[in-house]
Amino acid sequence: MKKFFASLLFLALLAGCSSEPQLDASSEEAFEQSLEAVAAEMDEERRQEFAEALLIVMLHNITRDDMMAAQRDTPPEEMASPYAGLDKMSAKDVIAEAQKIRDAAR
């Protein structure tokens, strides 16, 4: 049983050490830089799939409060970040999340 738990711990640590680039939603500039890093090694087809998935996830994360704030001309620095839901996600994560959203909409 100890070996089983040790194996699970090892796999969890290994998964956490992924070398796949991740999005950084700490600021708009950081997001743009990390977005370039995530998309840098993709071929055109994969980049298109990622762009679509990114749009789906970002639009899905917009709340009614966000729309109300925009209508009230709330200054951007007082509004929730549109990138917050994407922080620390890899391209695979974004594509998988978009697929979950599509599946739930059916």
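Right above here is the structure, for reference.
Nothing here was measured: the structure is a model prediction, and the numbers come from that model.

### A word on the pattern of salt bridges
Enumeration according to the criterion identifies three salt bridges in this entry. Ionic pairing is found between Asp87 and Lys88, a salt bridge with its closest N-O pair at 3.9 Å. Here Lys88 falls in the exposed class, since its relative accessible area comes to 54%. The closest approach of N and O atoms between Asp103 and Arg106, which form a salt bridge, is 3.9 Å. Looking at Arg106, the relative accessible area reads 75%, which means it is exposed.

### Thoughts on the environment of Gln22
Counting through the fold element by element, Gln22 comes out in the loop between α1 (2-16) and α2 (28-39). Leaving out residues up to four positions away in the same chain, Gln22 has contacts with Ser34, Val38, Lys88, Met89 and Ser90. Within the structure, the side chain of Gln22 is placed 3.5 Å from the backbone oxygen of Lys88, a separation counted as a polar contact.

### Remarks on the layout of surface pockets
When its volume is computed, the largest pocket comes out at roughly 300 Å³. Along the walls of the largest pocket sit 16 residues, with Met79, Ala80, Ser81, Pro82 and Tyr83 positioned nearest its centre. Among the residues making up the lining of the largest pocket, the classes are represented as nine nonpolar, four polar and three charged.

Procedures and definitions
- Residues numbered from 1 in each chain as written.
- Predicted model: local features only at pLDDT ≥ 70, side-chain atom pairs only at ≥ 80, totals over all residues.
- Heavy atoms only, no water.
- Salt bridge = Lys/Arg side-chain N within 4 Å of Asp/Glu carboxyl O.
- Buried < 20%, exposed > 50% of the residue type's maximum accessible area, 1.4 Å probe, protein only.
- Helix = DSSP H or I, 4+ residues; strand = E, 2+ residues; numbered from the N terminus.
- Contact = heavy atoms within 4.5 Å.
- Polar contact = N/O pair within 3.5 Å; in protein donor to acceptor, adjacent residues only side chain to side chain.
- 1 Å grid on protein atoms, 1.4 Å probe; cavity = no way out; pocket = protein on both sides within 12 Å on 5 of 7 lines; lining within 4 Å.
- Points joined across faces, edges and corners; volume = space filled by probe spheres on them.
- Nonpolar A, V, L, I, M, F, W, Y, C, P; charged D, E, K, R; others polar.

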